[in-house]
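Here is how the chains run, residue by residue.
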Amino acid sequence: MKGLILKDLYLIKAFAKQYVIVLAFMTIWAIAMKAMSFLGIYFILMGAMILLSVMSLDDAVSFNRFALTMPISERTLIQSKYLIFILTVSAGGAIALIISGIVSFLSVEMNLEFGWQEIMPSLTLFVVATSIAFPVIWVKGAEKGRYAYMAAILGLGGIVYVAVKACLKYNISLDALETLPNALFVGVFACICMIALLISYFVSVFLVRKKEW
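Residues numbered from 1 in each chain as written. Predicted model: local features only at pLDDT ≥ 70, side-chain atom pairs only at ≥ 80, totals over all residues. Heavy atoms only, no water.

### Quick word on unusual backbone geometry
Operational definition: Only DSSP runs of H or I covering at least 4 residues are called helices, and only runs of E covering at least 2 are called strands; the numbering of each starts at the N terminus. Only protein chains enter the area calculation, which uses a 1.4 Å probe; residues under 20% of their type maximum are buried, those over 50% are exposed, and those in between are partly exposed.
You will see that S62, though not glycine, has its phi angle at about 55°, which is positive. Tracing the backbone through its elements, the reader meets S62 in the loop between α2 (36-60) and α3 (63-67). Residue class for S62 comes out partly exposed when judged on its relative accessible area of 36%.

### Description of the state of the cysteines
Operational definition: Cysteine sulfurs are considered disulfide-paired once they come within 2.5 Å of each other.
As enumerated under the stated definition, the model contains 0 disulfides in all. Here C191 stays free of any disulfide, with the sulfur of C193 as its closest cysteine sulfur at 9.3 Å. For C193, a relative accessible area of 9% puts it in the buried group.

### Quick word on the nonpolar core
Just so we agree on the cut-off: We call a set of buried Ala, Val, Leu, Ile, Met, Phe, Trp, Tyr and Cys residues a nonpolar core when their side-chain atoms join them within 4.5 Å. By definition, residues are in contact when any of their heavy atoms lie within 4.5 Å.
In this structure, M55, I78, Y82, F85, F134, W138 and Y149 are the most contacted members of the largest nonpolar core, which totals 53 residues. Of all the elements in the fold, those that place two or more residues in this core are α1 (2-33), α2, α3, α4 (74-104), α5 (116-140), α6 (142-169) and α8 (182-210). If we skip the residues at most four places from it in the chain, Y82 touches F134, W138, L197, S200, Y201 and S204.

### Notes on the packing of aromatic side chains
For any pair of aromatic rings, the description consists of the separation of the ring centres together with the inter-plane angle of the planes. Worth spelling out the cut-off: Each pair of aromatic rings taken from Phe, Tyr and Trp, with Trp reduced to its six-membered ring, is defined by centres within 6.5 Å and is described as stacked if the planes are under 30 degrees apart, edge-to-face if over 60, and tilted in the remaining cases.
This model, assessed by the stated rule, comprises 5 aromatic pairs. Ring geometry for Y82 versus F134: centroids 4.0 Å apart, planes at 25°, classification stacked. Linking Y82 in helix α4 with F134 in helix α5, this pair joins segments that are 52 residues apart in sequence. Accessibility expressed as a relative area gives 6% for Y82, which makes it buried. Their ring planes at 65° and their centres at 5.2 Å tell us that Y201 and F202 sit as a pair that is edge-to-face. Here a set of aromatic residues connected by ring pairs shows up, and it is made of Y82, F85, F134, Y201 and F202.

The following block contains the structure:
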């Protein structure tokens, strides 16, 4: 497991400069446009997309097929990718919160601060979408997994949009969510993320064991 994690971290390091340049540009742009919420969501998105980049590189050299010739089980191989995803998306969310905290001390008026009330729904959306795409990636490859990821994002976004519209139509107030204690608010969305990842993990293990490499 440690070797697989290190291998993925070295891959991330190889293209990290590109991400840093893009994120630095987006940070400057978001501050100039006073769009903190956009910047926070973008950081989380980039954290999720790093996994797809790593798995695309693995597919390009058939790494998974090679790895399974060594004393590495399918379960361990899959676990390493889920762990990398948790690390990168958590890092994206943490950086977003740090930048939001820094900006709050500057004399810059932002349209919307990016705190727990904004980060957890966004984080949950990307985690659930990636959880849906993960089994597709393992069976069909990273490129087709990207399409599954985008379809999941659009589908989940559509569900949220319809739900919000329905609440407005039937005068169902969503203000109660904003009054929840931060610990409870974070806990609910964290549970959704964990459940989605666990289901995705077991589905991935089941499918990979049936796959002919």
